[in-house]
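# Close look at the chain arrangement
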Amino acid sequence: MASRPISLVLLTVILLAVIYLVAFPDGGFKLFGSSPSCATGSTASSSATQLAGAVDVRVLIGIVTVPGAYERRALLRLAYSLQPRPVRAVVDVRFVLCAVDKEEDRILVSLEIIAHGDILVLDCAENMNDGKTYAYFSAVPRLFAESPYDYVGKTDDDTYYRVASLADSLRGKARRDAYHGYLTPCHWRPEKQYMSGMGYVVSWDVAEWIAATPALRDDHDDWEDVNFGGWLRKGGRYKNVYNEEPRMYDYWDREMDNDVNCFRHEHTPDTVAVHKLKDRLKWARTLHYFNATQGLMPSKMYSVDLQNNIYRV
């Protein structure tokens, strides 16, 4: 009689193990992509993506931020995780930091890494225009050598990429010498334009070339994004250039004093990326426009006034 309870316990343990392995074949829950991701609608687990069809584009997006920006990273994790999943694409989103040197940051960033596994810490001193872009792009080919991406991108933490639109905009594009983003200054001399720092993407071979060209480390006499475009020109890699104007733009609403122009306008349904989301209100209005709260279901925990977006117990 004593053996029956033991057998039931063993059977339960085995059943739970099987369920875990089926649901999480790589040993952990992953919102998107082929490795743990902070993000988002950008990637479903690789197995779920495969169910929708063969993956034909794989993208890595690095969000350049600083160790102390905890609230912004938390907001971005939410914003990306609630996006619709791209079809036949993997888009992994990672936060990019240089060396974490403050005591509180060392502990709190460590907790983020344990909880989310979505942070890259580079071998550099934290900076804005003194080599962080080079450090990121040169590190990627080594970090992901076993499973290369088709494209590698860099973006700011005040930019919101719509990952399905990004994947669609890259699908069918060149896989060599590709440079994708928003050309600035807009409608100006082509020989002087470069991709705006709001976000740009290059093909994997360009990242490999940067990693293999250490002279670029000290080639930064201007804003890093200006220098980046210069690197590609000087290195003969400025070939397949894809300008996403007007689908990439700076935030604008009718309460702002600034006028609409070639790089700043209202939200559009086919948006690839929105930049200059400098405060919570701009983020809230942007996420509302793109229906980020559409998954909010009725509950006894709150009531919802859909007309005025008022939530109350």
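Rules used in this analysis
Residues numbered from 1 in each chain as written. Predicted model: local features only at pLDDT ≥ 70, side-chain atom pairs only at ≥ 80, totals over all residues. Heavy atoms only, no water. Helix = DSSP H or I, 4+ residues; strand = E, 2+ residues; numbered from the N terminus. Contact = heavy atoms within 4.5 Å. Pairing = 2+ DSSP bridges. Axes fitted to C-alpha atoms, helices over the stretch in contact; angles between N-to-C directions. Parallel < 35°, antiparallel > 145°, perpendicular 65-115°, else oblique. Nonpolar A, V, L, I, M, F, W, Y, C, P; charged D, E, K, R; others polar. Buried < 20%, exposed > 50% of the residue type's maximum accessible area, 1.4 Å probe, protein only.

With that settled, the discussion passes to the environment of Met-248. With respect to the helices and strands, the residue Met-248 is situated in strand β11 (residues 248–250). When neighbours within four sequence positions are excluded, Met-248 is seen to be in contact with Tyr-161, Gly-181, Tyr-182, Met-198, Gly-199, Val-272 and Ala-273.

The next point concerns the sheet that holds strand β3 (residues 119–121). The seven strands are arranged β3-β2-β1-β4-β9-β6-β10 in an open sheet whose pairing can be described as mixed. The open sheet has two free edges, formed respectively by β3 and β10 (240–243), since each of these has just one partner strand. Averaged over all adjacent pairs, the angle separating strand axes in this sheet is 25°, with direction ignored. Pairing of strand β6 (residues 178–181) with β10 involves four bridges; the strand directions are parallel.

A few words now on the packing of helix α5 (residues 132–143) against helix α7 (residues 204–211). The N-to-C vectors of α5 and α7 enclose an angle of 110°; their axes lie 7 Å apart at closest approach. In terms of their interaxial angle, α5 and α7 are classed as roughly perpendicular. Seen from α5, the contacting residues are Tyr-134, Phe-137, Ser-138, Val-140 and Pro-141; seen from α7, they are Trp-204, Ala-207, Glu-208, Ile-210 and Ala-211. Residue composition of the contact of α5 with α7, grouped by class: eight nonpolar, one polar and one charged.

What follows concerns unusual backbone geometry. Going from Thr-184 to Pro-185, the amide bond is cis rather than trans, its omega being -10°. With respect to the helices and strands, the residue Pro-185 is situated in the loop between β7 (183–184) and β8 (194–195). For the bond from Glu-245 to Pro-246, the omega torsion is 5°, close enough to zero to count as cis. Inspection of the secondary structure puts Pro-246 in the loop between β10 and β11. With phi around 55°, His-187 is a residue other than glycine that occupies positive phi space. Along the polypeptide, His-187 turns up in the loop between β7 and β8. Exposure remark for His-187: the relative accessible area of 63% places this residue in the exposed category.

Any functional reading would require information that these geometric values do not contain.
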